[in-house]
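# Summary of the model geometry
Spelled out, the chains give:
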Amino acid sequence: MNWKTLSSDYLFKDTWFTVRRDTCVKPDGKIVTPYYVYEFPTWVTALAITEDNHVVMVKQYRHAIEETIIEIPGGCVDDTDKNLEEAIARELLEETGHSFKTYEYLGKISPNPSTNNNWMHMYLARGGKKIKEQSLDHNEDIEVVLLTIDELKKLINEHQILQAMHATTIFYGLQKLGQAQW
(Lines give C-alpha, C1' and ligand atoms only; values in the text may rest on other atoms or scores of the structure.)
Protein backbone atom coordinates (compact mmCIF):
# COMPACT_ATOMS: atom_id res chain seq x y z
CA MET A 1 0.00 0.00 0.00
CA ASN A 2 2.98 2.35 0.41
CA TRP A 3 3.49 5.10 -2.12
CA LYS A 4 6.84 6.03 -3.65
CA THR A 5 7.78 9.70 -3.77
CA LEU A 6 8.97 10.68 -7.24
CA SER A 7 9.72 14.33 -6.50
CA SER A 8 9.34 17.00 -3.83
CA ASP A 9 9.27 20.78 -4.04
CA TYR A 10 9.35 23.08 -1.05
CA LEU A 11 6.76 25.83 -1.30
CA PHE A 12 7.42 27.43 2.09
CA LYS A 13 10.11 26.98 4.75
CA ASP A 14 10.18 28.49 8.20
CA THR A 15 11.43 27.45 11.62
CA TRP A 16 8.12 26.00 12.83
CA PHE A 17 6.32 25.18 9.59
CA THR A 18 7.31 23.92 6.15
CA VAL A 19 5.07 23.01 3.21
CA ARG A 20 6.20 20.41 0.70
CA ARG A 21 4.51 19.42 -2.57
CA ASP A 22 5.13 15.79 -3.53
CA THR A 23 4.48 13.81 -6.67
CA CYS A 24 3.95 10.15 -5.78
CA VAL A 25 3.21 6.87 -7.47
CA LYS A 26 0.87 4.30 -5.91
CA PRO A 27 1.55 0.53 -6.14
CA ASP A 28 -1.04 0.30 -8.94
CA GLY A 29 0.97 2.83 -10.97
CA LYS A 30 -1.39 5.77 -10.52
CA ILE A 31 0.29 9.15 -10.05
CA VAL A 32 -0.80 11.33 -7.15
CA THR A 33 0.09 14.98 -7.66
CA PRO A 34 0.15 17.34 -5.96
CA TYR A 35 0.19 15.88 -2.46
CA TYR A 36 0.92 18.47 0.22
CA VAL A 37 2.88 17.58 3.34
CA TYR A 38 3.27 19.88 6.33
CA GLU A 39 6.61 19.44 8.06
CA PHE A 40 6.74 20.31 11.75
CA PRO A 41 9.38 19.72 14.43
CA THR A 42 9.09 16.74 16.76
CA TRP A 43 6.91 17.49 19.79
CA VAL A 44 6.90 16.25 23.40
CA THR A 45 4.23 16.52 26.05
CA ALA A 46 3.55 15.08 29.50
CA LEU A 47 0.88 14.31 32.01
CA ALA A 48 2.84 15.82 34.89
CA ILE A 49 2.09 14.82 38.50
CA THR A 50 3.50 16.71 41.51
CA GLU A 51 4.85 15.16 44.71
CA ASP A 52 1.47 15.83 46.36
CA ASN A 53 -0.41 14.16 43.48
CA HIS A 54 -1.64 17.23 41.61
CA VAL A 55 -1.69 17.45 37.83
CA VAL A 56 0.29 20.37 36.40
CA MET A 57 -1.75 21.99 33.64
CA VAL A 58 -1.24 25.18 31.65
CA LYS A 59 -3.76 27.71 30.43
CA GLN A 60 -2.93 29.78 27.37
CA TYR A 61 -4.41 31.58 24.39
CA ARG A 62 -4.45 29.61 21.12
CA HIS A 63 -4.80 32.04 18.25
CA ALA A 64 -5.80 29.55 15.53
CA ILE A 65 -9.06 28.81 17.41
CA GLU A 66 -9.14 32.24 19.13
CA GLU A 67 -9.67 30.74 22.59
CA THR A 68 -7.83 30.47 25.88
CA ILE A 69 -7.73 26.78 26.76
CA ILE A 70 -6.34 24.43 29.37
CA GLU A 71 -3.71 21.94 28.26
CA ILE A 72 -0.84 19.86 29.52
CA PRO A 73 2.70 21.24 29.19
CA GLY A 74 4.86 20.43 26.21
CA GLY A 75 6.46 21.77 23.08
CA CYS A 76 9.06 21.30 20.38
CA VAL A 77 12.22 19.27 20.69
CA ASP A 78 15.15 21.69 20.30
CA ASP A 79 18.42 20.96 18.50
CA THR A 80 20.18 21.40 21.86
CA ASP A 81 18.15 18.60 23.52
CA LYS A 82 20.21 15.40 23.80
CA ASN A 83 17.11 13.18 23.76
CA LEU A 84 13.33 13.26 24.11
CA GLU A 85 13.38 12.96 27.91
CA GLU A 86 15.67 15.97 28.16
CA ALA A 87 13.30 17.86 25.86
CA ILE A 88 10.21 17.21 28.00
CA ALA A 89 12.13 17.99 31.20
CA ARG A 90 13.21 21.33 29.68
CA GLU A 91 9.70 22.15 28.46
CA LEU A 92 8.16 21.37 31.86
CA LEU A 93 10.73 23.53 33.65
CA GLU A 94 10.37 26.43 31.20
CA GLU A 95 6.56 26.44 31.09
CA THR A 96 5.78 25.58 34.71
CA GLY A 97 8.92 26.01 36.81
CA HIS A 98 8.56 22.38 37.94
CA SER A 99 11.22 19.68 37.91
CA PHE A 100 10.24 16.00 38.08
CA LYS A 101 11.91 12.91 39.55
CA THR A 102 10.87 10.44 36.85
CA TYR A 103 9.79 10.49 33.22
CA GLU A 104 8.05 7.43 31.82
CA TYR A 105 7.71 7.15 28.06
CA LEU A 106 4.10 6.47 27.00
CA GLY A 107 4.65 6.21 23.24
CA LYS A 108 4.26 8.41 20.21
CA ILE A 109 1.30 9.59 18.16
CA SER A 110 0.91 11.36 14.85
CA PRO A 111 -0.86 14.73 15.00
CA ASN A 112 -2.40 14.13 11.57
CA PRO A 113 -0.83 11.36 9.47
CA SER A 114 -2.62 12.43 6.29
CA THR A 115 -0.77 15.75 6.11
CA ASN A 116 1.77 16.14 8.95
CA ASN A 117 5.11 14.35 8.97
CA ASN A 118 5.98 14.80 12.66
CA TRP A 119 5.47 12.82 15.85
CA MET A 120 4.45 13.81 19.35
CA HIS A 121 6.13 11.80 22.09
CA MET A 122 4.12 11.34 25.28
CA TYR A 123 5.40 11.10 28.85
CA LEU A 124 4.14 10.58 32.36
CA ALA A 125 6.24 12.79 34.65
CA ARG A 126 6.05 12.10 38.40
CA GLY A 127 7.37 13.63 41.58
CA GLY A 128 7.14 17.24 40.45
CA LYS A 129 8.20 20.15 42.57
CA LYS A 130 8.30 23.84 41.72
CA ILE A 131 11.93 24.91 41.81
CA LYS A 132 11.92 28.20 39.89
CA GLU A 133 9.77 30.71 38.05
CA GLN A 134 8.68 30.16 34.46
CA SER A 135 11.08 30.96 31.63
CA LEU A 136 8.74 31.67 28.74
CA ASP A 137 9.38 32.49 25.10
CA HIS A 138 8.62 36.07 23.99
CA ASN A 139 5.21 35.09 22.59
CA GLU A 140 4.12 32.84 25.49
CA ASP A 141 1.74 33.88 28.24
CA ILE A 142 1.10 30.74 30.29
CA GLU A 143 -0.81 30.37 33.54
CA VAL A 144 0.02 27.25 35.56
CA VAL A 145 -3.01 25.45 37.00
CA LEU A 146 -2.80 22.61 39.52
CA LEU A 147 -5.68 20.12 39.53
CA THR A 148 -6.52 16.92 41.31
CA ILE A 149 -6.87 13.85 39.13
CA ASP A 150 -10.63 13.93 39.78
CA GLU A 151 -10.77 17.57 38.61
CA LEU A 152 -8.89 16.59 35.45
CA LYS A 153 -11.31 13.72 34.82
CA LYS A 154 -14.21 16.16 35.24
CA LEU A 155 -12.68 18.45 32.58
CA ILE A 156 -12.35 15.47 30.24
CA ASN A 157 -15.94 14.38 30.85
CA GLU A 158 -17.12 17.95 30.18
CA HIS A 159 -15.10 18.06 26.91
CA GLN A 160 -12.94 20.91 28.20
CA ILE A 161 -9.63 19.46 26.98
CA LEU A 162 -9.72 20.72 23.40
CA GLN A 163 -6.20 19.86 22.27
CA ALA A 164 -6.65 16.35 20.82
CA MET A 165 -3.04 15.22 21.24
CA HIS A 166 -3.08 16.35 24.86
CA ALA A 167 -6.31 14.46 25.49
CA THR A 168 -4.57 11.37 24.11
CA THR A 169 -1.55 11.87 26.37
CA ILE A 170 -3.85 12.34 29.36
CA PHE A 171 -5.66 9.11 28.49
CA TYR A 172 -2.42 7.10 28.26
CA GLY A 173 -1.08 8.71 31.44
CA LEU A 174 -4.26 8.01 33.41
CA GLN A 175 -4.20 4.46 32.11
CA LYS A 176 -0.61 4.04 33.37
CA LEU A 177 -1.67 5.45 36.75
CA GLY A 178 -4.59 2.99 36.95
CA GLN A 179 -7.03 5.90 36.75
CA ALA A 180 -8.61 5.18 33.33
CA GLN A 181 -11.74 3.10 33.44
CA TRP A 182 -13.19 1.31 30.45
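Predicted model, so just to flag it, every value in this text is computed and none were measured.

## Focus: the nonpolar core
L47, V55, M57, I70, L152, I161 and I170 are the most contacted members of the largest nonpolar core, which has 22 residues in total. Taken together, the elements giving at least two residues each to this core come down to strand 4 (43–50), strand 5 (55–62), strand 9 (102–109), strand 10 (120–130), strand 11 (143–147), helix 2 (149–157) and helix 3 (164–176). Apart from the residues within four sequence positions on either side, I70 is in contact with M57, V58, K59, V145, L147, L155, Q160 and I161. Residues V44, V56, F100 and Y123 belong to the second largest nonpolar core, which totals eleven residues.

## Structural notes on the sheet that holds strand 3 (residues 31–39)
The sheet built from three strands is open, its strands ordered 1-2-3 with antiparallel pairing. On the outer flanks of this sheet lie strand 1 (4–13) and strand 3, each paired with one strand and no other. Across this sheet, the average inter-strand angle for adjacent strands is 25°, counted without regard to direction. Bridge count between strand 1 and strand 2 (residues 18–25): eight bridges; the pairing is antiparallel. The residue of strand 2 that forms the bridge with D9 is R21.

## With respect to the environment of G128
Within the secondary structure, G128 is located in strand 10. Note on G128: relative accessible area 4%, which makes it buried. Residues G128 and D52, 76 residues apart in the sequence, show an inter-C-alpha distance of 8.3 Å. Those residues in contact with G128, other than ones at most four positions away along the chain, are I49, T50, E51, H98, S99 and F100.

## Topic: the pattern of salt bridges
For the structure shown, the criterion picks out 13 salt bridges. The salt bridge involving R20 is made with E39; its shortest N-O contact spans 2.7 Å. With R20 in strand 2 and E39 in strand 3, this residue pair connects regions lying 19 residues apart in the sequence. The residues R20 and E39 share a single accessibility class, namely buried. As a salt-bridge pair, D78 and R90 come within 3.4 Å of each other at their nearest N and O atoms. Residue D78 is found in the loop between strand 7 (74–76) and helix 1 (84–96), and its partner R90 is found in helix 1; the two are separated by twelve residues along the sequence.

## So, the side chain of D81
Note that D81 resides in the loop between strand 7 and helix 1. Relative accessible area serves as the criterion here: at 11%, D81 is assigned to the buried category. Among the polar contacts made by the side chain of D81, one reaches the main-chain amide nitrogen of D78 at a distance of 2.7 Å. Side chain to side chain, D81 and R90 meet in a polar contact 2.8 Å long. In this view, D81 contacts C76, E86, A87 and R90; residues no more than four positions away in its chain are not counted.

## Examining the layout of surface pockets
There is about 1,200 Å³ of room inside the largest pocket. In terms of lining residues, the largest pocket is bounded by 35 residues, among which W43, R62, G75, C76 and E140 are the most central. Put simply, the parts of the chain that give the lining of the largest pocket at least two residues each are strand 4, strand 5, strand 6 (67–71), strand 7, helix 1 and helix 3. In terms of residues, the lining of the largest pocket owes the most to one element, helix 1, which gives four residues. Roughly 240 Å³ of volume is contained in the second largest pocket. As for the second largest pocket, its lining consists of twelve residues, of which I156, N157, F171, L174 and A180 are closest to the centre. Listed by contribution, the elements that provide at least two residues to the lining of the second largest pocket are helix 2 and helix 3. Of the residues belonging to the lining of the second largest pocket, the class tally is seven nonpolar, four polar and one charged.

The rules behind these values
- Residues numbered from 1 in each chain as written.
- Predicted model: local features only at pLDDT ≥ 70, side-chain atom pairs only at ≥ 80, totals over all residues.
- Heavy atoms only, no water.
- Core = buried A, V, L, I, M, F, W, Y, C linked by side-chain atoms within 4.5 Å.
- Buried < 20%, exposed > 50% of the residue type's maximum accessible area, 1.4 Å probe, protein only.
- Helix = DSSP H or I, 4+ residues; strand = E, 2+ residues; numbered from the N terminus.
- Contact = heavy atoms within 4.5 Å.
- Pairing = 2+ DSSP bridges.
- Axes fitted to C-alpha atoms, helices over the stretch in contact; angles between N-to-C directions.
- Salt bridge = Lys/Arg side-chain N within 4 Å of Asp/Glu carboxyl O.
- Polar contact = N/O pair within 3.5 Å; in protein donor to acceptor, adjacent residues only side chain to side chain.
- 1 Å grid on protein atoms, 1.4 Å probe; cavity = no way out; pocket = protein on both sides within 12 Å on 5 of 7 lines; lining within 4 Å.
- Points joined across faces, edges and corners; volume = space filled by probe spheres on them.
- Nonpolar A, V, L, I, M, F, W, Y, C, P; charged D, E, K, R; others polar.

The values are spatial; any link to function lies outside them.
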